[in-house]
Amino acid sequence: MKAIVIGATGTLGSAVVNKLEESGYQVTGASRSSDASVNIEDEDSVKALLDHTGKVDAIVCAAGTAAFGELDKLTDKEFDLSYKNKLMGQIKLLQKGLSYLNPGGTILLTGGIFAYKPMPGSAAIAMVNAALEGFVRAAALETDNRKKVIVIHPPLVAETAEKMGLDPAPFLTAREVSDAYLEAIKNGKSGVPFFAKNNTP
Ligand SMILES: NC(=O)c1ccc[n+]([C@@H]2O[C@H](COP(=O)([O-])OP(=O)(O)OC[C@H]3O[C@@H](n4cnc5c(N)ncnc54)[C@H](OP(=O)(O)O)[C@@H]3O)[C@@H](O)[C@H]2O)c1
């Protein structure tokens, strides 16, 4: 089985690549700086990646930037970035990716638990995560029923918490959260958001 993971060099993406490879997938890991280069903001580069890999059984996006910032300081530019990158980048990937998916395959986009459990500073991110969920829920109604489209809402992972200056101890690691990515691909239901273990809303 073949998979594409976009954001493959990142905290979550690299763990997802490892997890899928361990379970037998042949993975094309992509990002702006990878050999298989892609920029999710650029439709032509997404198409070039999909043309290069051909039909696959899973397309995972663990890339997408949205702005973290206090409500009264979030700028139009930060909202635009959040919209164009994490939201529309993944929406376009799903639109284009469906025809490159084998029957039985899954497109898995990444939202985040801030859609359900926000913290101060997460308004733009929570907005994008919730919008992704609404989009995927509706997109599933128009998707060939042999293919699945799912948004996963990972929790804040230990590695990222540490970078934010928080104690990483209470958080799942990216490797632990990558189990949920594999589980979503295998057993997730199209249009139904997926959560990591013990991190349901
Ligand atoms: N980490 C967490 O705790 C957490 C929790 C919930 C949700 N999330 C979400 O999960 C996703 C990944 O988070 P992360 O923490 O793993 O991020 P990360 O460590 O910053 O990694 C981001 C990855 O995406 C790639 N990338 C960035 N911009 C891209 C673009 N325009 N086109 C293609 N690839 C791009 C990066 O590589 P290049 O720079 O080479 O392109 C890198 O591989 C994000 O959407 C984030 O909001 C993260």
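Data block above holds the structure.
Along each chain, residue indices are assigned from 1 in the same order as the chain's sequence is written. For this predicted model, a pLDDT threshold of at least 70 governs which residues receive local features, and a threshold of 80 or more governs which side-chain atom pairs are given and counted, while totals over whole chains, interfaces and linings are taken from all residues. Heavy atoms throughout the structure, all of them, feed into the side-chain values; hydrogens and water do not.

A. Region of interest: the sheet that holds strand β5 (residues 101-110). In this description, strands pair whenever DSSP reports at least two bridges between them. Helix and strand definitions here come from DSSP, where helices need a minimum of 4 consecutive H or I residues and strands a minimum of 2 consecutive E residues; each element is numbered from the N-terminal end. With parallel pairing, 7 strands are arranged side by side in an open sheet as β3-β2-β1-β4-β5-β6-β7. Every interior strand has two partners, whereas the edge strands, β3 (36-37) and β7 (194-195), have only one. With 4 bridges connecting them, strand β1 (residues 2-6) and strand β4 (residues 56-61) associate as parallel partners. Each residue of the ladder has a partner; that of V5, found in β4, is V60. Residue contacts are defined here by distance: any two heavy atoms, one from each residue, within 4.5 Å place the two residues in contact. Axis lines are fitted to C-alpha atoms, over the contacting stretch for helices. Their N-to-C directions set the angle, which ranges from 0 to 180 degrees. Of the strands in this sheet, β1, β2 (26-31) and β4 are in contact with helix α1 (residues 11-22), which crosses β1 at around 170°. Helix α2 (residues 43-53) rests against β1, β2, β3 and β4 of the sheet, and its axis sits at about 160° to β1.

B. Structural view of the layout of surface pockets. The definitions used throughout rest on a 1 Å grid laid over the protein atoms alone, on which a cavity is an enclosed set of points accommodating a 1.4 Å probe that cannot get out and a pocket is an open set flanked by protein within 12 Å on both sides along at least five of seven lines; lining residues are those having an atom within 4 Å of a point. Grid points are joined across faces, edges and corners, and a volume is the space filled by probe spheres set on the points. Considering only enclosed or pocket space, the largest pocket measures out at about 1000 Å³ in volume. If you trace the largest pocket, you find 35 residues lining it, with L12, A62, A63, G64 and T65 closest to the centre. For the lining of the largest pocket, the secondary structure elements donating two or more residues are α1, α3 (76-97), α4 (123-139) and α5 (158-163). Residue polarity is assigned by list, with Asp, Glu, Lys and Arg as charged and Ala, Val, Leu, Ile, Met, Phe, Trp, Tyr, Cys and Pro as nonpolar; anything else, Gly included, falls into the polar class. Residue composition of the lining of the largest pocket, grouped by class: 16 nonpolar, 15 polar and 4 charged.

C. Local environment of the environment of S33. With respect to the helices and strands, S33 occurs in the loop between β2 and β3. By relative accessible area, which is 64% here, S33 ends up exposed. S33 sits 161 residues away from F194 along the chain, and the two C-alpha atoms are 28 Å apart. Each residue's exposure class comes from its accessible area (1.4 Å probe, protein chains only) as a fraction of the maximum for that residue type: buried when under 20%, exposed when over 50%, partly exposed otherwise.

D. Region of interest: the site of the ligand. Whether a residue is near a molecule or strand is decided by its heavy atoms; if any one of them lies within 4 Å of it, the residue is near. Taken together, 25 residues sit near the ligand, with T9, R32, S33, V157 and T160 positioned nearest. Here an oxygen atom of the ligand and a backbone polar atom of L12 are 2.8 Å apart. As used in this structure description, the phrase polar contact means that two N or O atoms lie within 3.5 Å; if the pair is within protein, one of them must be able to donate a hydrogen and the other to accept it, and residues adjacent in sequence are counted only when both atoms belong to side chains. At a separation of 2.8 Å, an oxygen atom of the ligand approaches a polar side-chain atom of K86. We get accessible surface area from the Shrake-Rupley algorithm with a probe of 1.4 Å; when it comes to residues, only the shown protein chains can shield them. When the free accessible area of the ligand is taken as 890 Å², the share hidden by the protein chains comes to 80%. To be counted as sitting in a cavity or pocket, a molecule needs more than half of its atoms within 2 Å of that site's grid points. In this structure, the ligand is accommodated by the largest pocket. Those elements giving two or more residues to the shell around the ligand turn out to be α1 and α3. Looking at the shell around the ligand residue by residue, the class counts come to 10 nonpolar, 13 polar and 2 charged.

The values are spatial; any link to function lies outside them.
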